[in-house]
Amino acid sequence: MVASRAVGSLSRFPAFRILHSRGHICRSFTVSSALLTRTHVNYGVKGDVAVIRINSPNSKVNVLNKEVQSEFVEVINEIWANDQIKSAVLISSKPGCFIAGADISMLGACKTSQEASYISQEAQRMYEKLEKSSKPIVAAINGPCLGGGLELAISCQYRIATKDRKTVLGVPEVLLGILPGAGGTQRLPKMVGVPAAFDMMLTGRNIRADRAKKMGLVDQLVEPLGPGIKPPEERTIEYLEEVAVTFAKGLADKKITPKREKGLVEKLTSYAMSIPFVRQQVYKRVEEKVQKQTKGLYPAPLKIIDAVKTGLEQGTDAGYLAESQKFGELAMTKESKALMGLYHGQVLCKKNKFGTPQKEVKQLAILGAGLMGAGIAQVSVDKGLKTLLKDATVAGLGRGQQQVFKGLNDKVKKKAITSFERDSIFSNLIGQLDYQGFEKADMVIEAVFEDLSVKHKVLKEVEAVIPDHCVFASNTSALPINEIAAVSKRPEKVIGMHYFSPVDKMQLLEIITTEKTSKDTTASAVAVGLKQGKVIIVVKDGPGFYTTRCLAPMMSEVIRILQEGVGPKKLDSLTTGFGFPVGAATLADEVGVDVAQHVAEDLGKAFGERFGGGSIELLKQMVSKGFLGRKSGKGFYIYQEGSKNKNLNSDMDSILAGLKLPAKPEVSSDEDIQYRVVTRFVNEAVMCLQEGILATPEEGDIGAVFGLGFPPCLGGWSAGWGISSLGPRAFVSVSFNKVFYLIYAGPFRFVDLYGAKKVVDRLRKYEAAYGKQFTPCQLLLDHANSTKKFYQ
């Protein structure tokens, strides 16, 4: 055990007087007289070691805001002035969280780049003093250590972290359109090497504690403790603190050196990076990759590279100056403002605004063990929910259970969980072919075929056995919930829960309510979604709800553009060039052409001519020839298993030729093609807000970005795509992983940033050519004719 070795290696030090009691370590503790006067940061003294505790009140996590920083400066100055104190430990009193980062509302309050740069400079000065402290400071890390929290930790002389899956280290500032502004661009390259530092800063990915130890980001690891008289989290923090105190004393007594012996690979990398020519080649390769993936339209990665390069080539002082200046510049960009807005929206969508449900959902039942049902089961058992998984056949149930086990086993392979934890989690799942146990269910989620008669059948069967309080939720992408609930004896307990596939990776959950759905039912659905780790939007019932409804007219326009002679490859290039993570023609192939046909027909009936555009006949002919997209090996492209390369399907030429439409030169430039696709999406999104399908613009943006891939930026790094809904009527939704960066952050922020009047002018231009499919909705007109904005 790493912890045992760490403690054992210290036991030879006279200062290490520790009493072991069931894995718990006790030591005398003197509290600072300032304890009663500070609310965020306090300290006490153990022997000659100060223990600085961070604990922001009324918050689940610690963030570095002005109050925390002010109190921290007071505390550290007291410690430096006290001759009786020889070293210090910095630790969080919150179980499972060290410091989650800086408070980004400080940046939101800045009016100029100079104000934002000043925030960076203040943090740089404070952390530089820590780095040069004559009294060694040990950062004791348990839980997330991110952004400014990591910059604070790497300013300390030593870092000890718990080897726990919740303990992750990272600098995710790039995901907010900014850069690490408290010295991170200067310290990280020296600590972990230039390549690893670039990887951390340009992707924003989290690093687990064991990996951080190998990189040199962390000096020692301790194992988390299990349950005892106190909860495991509390025991672990106490244990971590005692180990950190001992190391702090060892550092002060010079019995421990903060210098780490580098391995052979690290030595070779350091030597290579000391050669100017090699460094220039590294910069060049990284810049080329960034330019290729962002098309030069996303500024943060390039400025990160510049700040690192300046520090390495011109010295630390120049590096700090470049970092603070670029931090200020980035904080004022539309990209960072949009991404911070998206972040705030995401935070709002992770709260239950409908209150606490009357009865907590402890027993969940899922109907259908297909791709979606098994996926929902996995994210449920993974969070401790006892789950029944029912299917109609033994084979189907077996496949579903195997899918859940495989998903959990993949986590074992990635060392996210142990095999013991996998088996413990999997034991929460019970597979069955009948309704036994449903009488104890608190919620049933049906994930059967996307067919109204099938859904009616299972709803009647379920209501015959479930208790009165049980919620019935339908996972559907387009079927109106009020139609599903029409056969229910208790329509107030029926709700829609639209998951996106793969469920274990896609963050969005779209919850759909009818006029009869009770508030408590909605509260229960949201509570379950939050427990499953989802970002949630709650929308009103209607054909296509919100996500499918926005996607359908956009895809109709894509078909028309193909009929007008724009090739699939060019169309893909134009749409990814605008910021969509998947090209429009490729999207149709990934969705499944048969699925696109069903969606177009269903919503075409509901909305009529307004959802027109390209001819559904094109999709029908593709289906008749078996060109269903990737799943059949042919669509607009030809797909070969095991190959990422794809060639155009030449057999499509005759279909497109037979349905060719004359292009209209006045609306057929590359830019017009991009905006024809985007404005149909935007207009429909705003109409959903106008009609009350959406409650807020924030939820519209979150749904569009995390469910449908609306560009929160002109250009991106990478994206994951997934299929939403069930069976043959699924449609693709796009989800951005942590390295996909966007500018607009959704259709409503797009309108605010691009300008409502310019959007309306675009729509009018296209309306003149194509008719009411581009007629702007009234709410968009209202914004265009005034100074109204969706975000103030």
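Keep in mind that this is a model prediction, so the values were computed, not measured. (Residues numbered from 1 in each chain as written. Predicted model: local features only at pLDDT ≥ 70, side-chain atom pairs only at ≥ 80, totals over all residues. Heavy atoms only, no water.)

**Considering the overall build of the chain**
Rules: Numbering goes from the N terminus for both helices and strands, where a helix is a DSSP run of H or I of at least four residues and a strand is a run of E of at least two. Note on classification: 1.4 Å probe, protein chains only; a residue is buried when its accessible area is under 20% of the maximum for its type, exposed when over 50%, partly exposed between these limits. A 1.4 Å probe and the Shrake-Rupley method give the accessible areas. Residues count as covered only by the protein chains that appear here. In summary, the charge assignment counts Lys and Arg as positive and Asp and Glu as negative, without counting His or the chain termini. Charge placement uses NZ in Lys and CZ in Arg. For Asp and Glu, CG and CD serve respectively.
If you tally the helices and strands in the chain, you get 31 helices and 24 strands. For the chain, buried positions account for 57% of its 792 residues. Approximately 32700 Å² of the chain is accessible, and the part contributed by carbon and sulfur atoms is 54%. The centroid of the 104 positive side-chain charges in the chain is displaced by 4 Å from the centroid of its 82 negative side-chain charges.

**Re the nonpolar core**
Note the following rule: Nine residue types can take part in a nonpolar core, namely buried Ala, Val, Leu, Ile, Met, Phe, Trp, Tyr and Cys, and a core is a set of them joined through side-chain atoms within 4.5 Å. Contacts are assigned to residue pairs that have any heavy atoms within 4.5 Å of one another.
Ile 52, Leu 217, Val 444 and Tyr 546 are the most contacted members of the largest nonpolar core, which has 179 residues in total. Among the elements that line this core, the one with the most residues is helix α27 (residues 670–690), at eleven residues. Each residue touching Val 444, except ones within four places of it in the same chain, is listed here: Ala 365, Leu 367, Phe 438, Val 462, Ile 466, Cys 470, Val 471, Phe 472 and Ala 473. In terms of nonpolar packing, the next biggest core, distinct from the first, is built from 34 residues, Met 372, Leu 397, Ile 445 and Ile 511 among them.

**Description of the pairing of strand β4 (residues 41–46)**
Rules: When DSSP finds two or more bridges between two strands, those strands count as paired.
A large share of β4 lies buried, amounting to six of its six residues. Neither face of β4 is exposed, since Val 41, Tyr 43 and Val 45 on one face and Asn 42, Gly 44 and Lys 46 on the opposite face are all buried. Bridge count for β4 against strand β5 (residues 49–54) is six bridges, and the pairing is antiparallel. In the sheet register, Asn 42 faces β5, and the bridge partner there is Arg 53. From the end of β4 to the start of β5, which pair antiparallel, there are two residues, and Gly 47 there has a positive phi angle of about 65 degrees.

**Here we look at the sheet that holds strand β8 (residues 145–146)**
Judged by pairing direction, the sheet is mixed, and its three strands sit side by side in the order β8-β10-β11 without closing on themselves. Of all the strands in the sheet, the pair left with one neighbour each is β8 and β11 (207–208).

**Here we look at the packing of helix α6 (residues 184–192) against helix α13 (residues 316–331)**
Worth spelling out the cut-off: Interaxial angle, 0 to 180 degrees, is taken between N-to-C directions of lines fitted to C-alpha atoms, where a helix line uses only the stretch in contact. Each angle gets one of four labels, with under 35 degrees taken as roughly parallel, over 145 as roughly antiparallel, 65 to 115 as roughly perpendicular, and the rest as oblique.
Between α6 and α13, the shortest axis-to-axis distance is 8 Å and the interhelical angle comes to 130 degrees. Looking at the two axes, α6 sits oblique to α13. For the pair α6 and α13, the contacting residues are Gly 184, Thr 185, Gln 186, Arg 187 and Lys 190 in the first and Thr 316, Gly 319, Tyr 320 and Glu 323 in the second.

**What to know about the environment of Phe 354**
Here Phe 354 shows up in the loop between α14 (334–348) and β13 (363–367). In this structure, the C-alpha to C-alpha distance between Phe 354 and Ala 784, residues 430 residues apart in sequence, is 33 Å. Setting aside residues up to four positions removed in sequence, Phe 354 forms contacts with Lys 519, Thr 522, Ala 523, Val 526 and Val 538.

**Points about the pattern of salt bridges**
Put simply, the rule reads: Every case where a carboxyl oxygen of Asp or Glu lies within 4 Å of a side-chain nitrogen of Lys or Arg is listed as a salt bridge.
The tally for this structure, following the rule as stated, stands at 44 salt bridges. Taking the shortest distance from any N to any O, the salt bridge between Glu 446 and Lys 455 comes out at 2.8 Å. On the accessibility criterion, Glu 446 (0% relative accessible area) is buried. The residue Lys 493 makes a salt bridge to Asp 520 at a minimum N-O spacing of 3.9 Å. Of the two residues, Lys 493 sits in the loop between α19 (481–484) and β18 (494–499) while Asp 520 sits in helix α20 (residues 519–531), which places them 27 residues apart along the sequence. Several salt bridges converge on common partners, so that one network encompasses Glu 557, Arg 560, Glu 564, Arg 676 and Arg 680.

**Regarding the environment of Val 528**
With respect to the helices and strands, the residue Val 528 is situated in helix α20. Considered as a pair, Val 528 and Gly 355 are 173 residues apart in the sequence and their alpha carbons are 13 Å apart. Apart from residues no more than four positions distant in its own chain, Val 528 is found in contact with Val 361, Leu 385, Met 443 and Met 497.

**Considerations on unusual backbone geometry**
Its identity as a non-glycine residue notwithstanding, Lys 254 has a phi of 60 degrees, on the positive side. Within the secondary structure layout, Lys 254 lies in the loop between α9 (232–252) and α10 (264–273). Using a relative accessible area of 73% as the deciding quantity, one classes Lys 254 as exposed. The phi dihedral of Lys 415 is positive, around 65 degrees, even though this residue is not glycine. Positionally, Lys 415 belongs in the loop between α16 (394–413) and α17 (419–426). Residue classification places Lys 415 among the exposed positions, given a relative accessible area of 59%.

**As for the sheet that holds strand β16 (residues 443–446)**
Reading across the sheet, the eight strands line up as β15-β14-β13-β16-β17-β18-β19-β20 and stay open at both edges, with mixed pairing between neighbours. Because the sheet does not close on itself, it has two edges, and the strands there are β15 (429–432) and β20 (535–540). Here the strands of the sheet are splayed against their neighbours by 25 degrees on average, with no regard to which way each runs. Across four bridges, β13 lies against β16 in parallel orientation. In the strand pairing of β16, Ala 365 is matched with Val 444. Sheet contacts for helix α28 (residues 697–708): β19 (508–513) and β20; angle to β20, the most-contacted strand, approximately 120 degrees.

**A few points about the packing of aromatic side chains**
Centre-to-centre distance and the angle between the planes together describe a pair of aromatic rings. Our working definition: We call Phe, Tyr and Trp rings a pair once their centres come within 6.5 Å, taking the six-membered ring for Trp, and we label the pair stacked below 30 degrees between planes, edge-to-face above 60, and tilted otherwise. Placement of a charge over a ring requires the Lys NZ or Arg CZ to be within 6 Å of the ring centre, with the centre-to-atom vector within 35 degrees of the ring normal.
The final tally for this structure, using the stated rule, is ten aromatic pairs. Taken together, the aromatic side chains of Phe 578, Tyr 675, Phe 750 and Tyr 754 make up a single cluster linked through ring pairs. Against the face of Tyr 637 rests Lys 646, its NZ or CZ located 4.5 Å from the ring centre. A cation over a ring is seen here: Arg 749 above Tyr 791, with NZ or CZ 3.8 Å from the ring centre.

**Focus on the confidence of the model for the chain**
Defined as follows: Residue-level confidence of the predictor, termed pLDDT, takes values from 0 up to 100.
Model confidence for the chain is summarised by a mean pLDDT of 86, while 91% of its residues fall at 70 or above. Here residues 1–36 is modelled with pLDDT under 50, and outside its nearest four sequence neighbours on either side it reaches 63 contacts, counting other chains as well. Throughout residues 712–743 the model reports pLDDT below 50, and contacts reaching past four residues in sequence, or to other chains, amount to 158 contacts.

**Some thoughts on the packing of helix α7 (residues 194–203) against helix α11 (residues 276–294)**
For the record, the criterion: Each helix crossing is assigned a hand: it is left-handed if the near helix lies turned anticlockwise from the far helix by less than a right angle, otherwise right-handed if that turn is clockwise.
At a closest axis distance of 11 Å, the pairing of α7 and α11 adopts a crossing angle of 20 degrees. Classified by the angle between their axes, α7 and α11 sit roughly parallel to one another. Crossing handedness for the pair α7 and α11: right-handed. Across the interface between the two elements, Val 194, Phe 198 and Leu 202 of α7 pack against Val 282, Tyr 283, Val 286 and Val 290 of α11.

**Details of a positive patch on the surface**
Just so we agree on the cut-off: What makes a patch is a set of residues exposed beyond 30% relative accessible area and free of salt bridges, joined within 9 Å when like-charged and within 5 Å when nonpolar (Val, Leu, Ile, Met, Phe, Trp, Tyr).
On the surface, Lys 163, Arg 211, Lys 214 and Lys 415 cluster together into a positively charged patch. Examined against the element boundaries, Arg 211 turns out to sit in helix α8 (residues 209–215). On the accessibility criterion, Arg 211 (46% relative accessible area) is partly exposed.

**Points about helix α21 (residues 547–563)**
Rules: Every helix has an expected span of 1.5 Å times one less than the residues it contains.
An ideal rise of 1.5 Å per residue puts 24 Å on 17 residues; α21 measures up with 25 Å between its terminal C-alpha atoms. Among the 17 residues in α21, 17 count as buried, and that is most of the element. One or two residues past the end of α21 sits Gly 565, with phi positive at roughly 105 degrees.

**Brief notes about a nonpolar patch on the surface**
Taken together, the side chains of Tyr 271, Ile 275 and Phe 277 present a nonpolar region at the surface, about 350 Å² in accessible area. By the element assignment, Ile 275 lies in the loop between α10 and α11.

**Some points on the state of the cysteines**
The condition is simple: Here, a disulfide means two cysteine sulfur atoms that sit within 2.5 Å of each other.
Following the criterion strictly, the structure yields zero disulfides and no others. Cysteine Cys 97 remains unbridged, with the sulfur of Cys 145 as its closest cysteine sulfur at 9.2 Å. Classification of Cys 97 by relative accessible area gives buried; the value is 2%. No disulfide involves Cys 550; its sulfur sits 4.6 Å from that of Cys 688, the nearest cysteine. According to the relative accessible area criterion, Cys 550 is buried, its value standing at 0%.

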